[in-house]
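# Reading the structure
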Amino acid sequence: MSRIGRMPIEIPNGTTVTLNDMTNQVIVKGPKGTLEKSFDKAMNISIEGNQVLVTRPNDLKRNRALHGLTRSLIFNMVTGVTTGYTKELEINGVGYKVQKQGKKLVLSLGYSHPVEMQDPEGITTTIEGNKIIVAGINKEHVGQFAAEIRIKRPPEPYKGKGIKYVNEVIRRKEGKTGKK
């Protein structure tokens, strides 16, 4: 039995979870918004009281793999509509800066032109000094947009310049040494 899959998901106050049995679609409504997702028909999803339970019909390898995944995705949906998700990025480097123009991020990253990125639907970005905070209710979309920002100028190992996650550790390398 999957350790993650067998754990029940608590539904907090102010959040409603509805299940369409025909398509195995879960709709989660909370104070921050609404998320919906369809899951594999092999998984048995049930709502009992203020808990969501995910069970699998048998021990086939595919069903064992889907069991924990389905439970984790539903848990992420419930957490997203109640508290939301954030990712923090940090810009390091001389002359590297970021500005917010409406729903656009304008990044000056040492290229010959500024890099402009439009906030996707459901994602908000805020700037605090040299930090970019990406926030939203969908964990997958928040992580994807943060990764797209980071890839514009990934951190390099010699001087540490670039865009990195706040908690990311960059393994630094030593530069060239002269002849002796």
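The model shown is predicted, which means the values in this text are computed figures rather than measured ones.

## Looking at the nonpolar core
Soluble globular proteins tend to bury their nonpolar side chains together. Formed by 19 residues in total, the largest nonpolar core has its most connected members in L89, I91, L107, M117, I132, V134 and I149. At the level of secondary structure, the elements contributing two or more residues to this core comprise β7 (85–92), β9 (104–108), β10 (115–118), β12 (131–136), α2 (139–150) and β13 (162–165). Of the residues forming this core, the biggest block, 4 residues, is contributed by α2. In this view, L107 contacts I91, K97, V98, P114, V115, M117 and I132; residues no more than four positions away in its chain are not counted. Counting 17 residues, the second largest nonpolar core, distinct from the first, contains M43, V78, V81 and I137.

## Examining the pairing of strand β2 (residues 16–20)
The pairing of β2 with strand β3 (residues 25–30) spans 5 bridges and is antiparallel. Considered in β3, the bridge of N20 is made with Q25. Count of turn residues in the β2/β3 antiparallel hairpin: 4 residues, of which N24 carries a positive phi of about 60 degrees.

## Details of the side chain of E90
For E90, the position within the fold is in strand β7. Apart from the residues lying within four places of it in its own chain, the contact partners of E90 are N130, K131, G162, I163, K164 and V166.

## A closer look at the environment of T55
Residue placement: T55 occurs in strand β6 (residues 51–55). Owing to a relative accessible area of 37%, T55 belongs among the partly exposed residues under this scheme. On a C-alpha basis, the gap between T55 and I45 in space is 6.5 Å, while along the polypeptide they are 10 residues apart. With residues near it in sequence (within four places) discarded, T55 still touches M43, N44 and H67.

## Side note on the sheet that holds strand β5 (residues 44–48)
Spatially, β1-β6-β5 is the arrangement adopted by the 3 strands of the open sheet, whose pairing is antiparallel. Of all the strands in the sheet, just β1 (9–10) and β5 have a single pairing partner and so form its edges. Bridge count between β1 and β6: 2 bridges; the pairing is antiparallel. Residue pairing across strands places I9 opposite V52, the latter belonging to β6. Contacting β1, β5 and β6, helix α1 (residues 61–82) runs over the sheet at an angle of about 160 degrees to β6.

## What about the environment of V94?
For V94, the position within the fold is in the loop between β7 and β8 (97–101). Under the relative-accessibility criterion, V94 is labelled exposed at 78%. In this structure, the C-alpha to C-alpha distance between V94 and R3, residues 91 residues apart in sequence, is 47 Å.

## Structural notes on the side chain of T125
Mapped onto the fold, T125 is located in strand β11 (residues 123–128). Reaching out from T125, the side chain makes a polar contact with the side chain of K100 at a distance of 2.5 Å. A polar atom in the side chain of T125 sits 3.0 Å from the side chain of D119. Other than its neighbours up to four places away in sequence, T125 contacts K100, L105, D119, I133, V134 and F145.

## Quick look at unusual backbone geometry
In this structure, N24 is a non-glycine residue whose phi angle is positive, near 60 degrees. Assignment of secondary structure puts N24 in the loop between β2 and β3. Judged by relative accessible area, N24 falls into the buried class, the value being 6%.

Cut-offs applied
All residue numbers refer to positions counted from 1 along the written sequence of the respective chain. Under the rules for a predicted model, residues below a pLDDT of 70 receive no local features and side-chain atom pairs below 80 are neither given nor counted, while totals for whole chains, interfaces and linings still include all residues. Hydrogens are left out, water is left out, and the side-chain values use all remaining heavy atoms of the structure. Note on terminology: a nonpolar core comprises buried Ala, Val, Leu, Ile, Met, Phe, Trp, Tyr and Cys residues joined through side-chain atoms within 4.5 Å. Between buried and exposed lies partly exposed: a residue is buried under 20% and exposed over 50% of the maximum accessible area for its type, with that area taken using a 1.4 Å probe on protein chains only. Comment: elements are numbered from the N terminus, with helices defined as DSSP H or I runs of at least four residues and strands as E runs of at least two. Residues are treated as being in contact if the distance between any of their heavy atoms lies within 4.5 Å. Think of it this way: DSSP has to see at least two bridges between two strands before they count as a pair. Axis lines are fitted through C-alpha atoms, for helices just across the contact stretch, and the angle between N-to-C directions can take any value from 0 to 180 degrees. As used in this structure description, the phrase polar contact means that two N or O atoms lie within 3.5 Å; if the pair is within protein, one of them must be able to donate a hydrogen and the other to accept it, and residues adjacent in sequence are counted only when both atoms belong to side chains.

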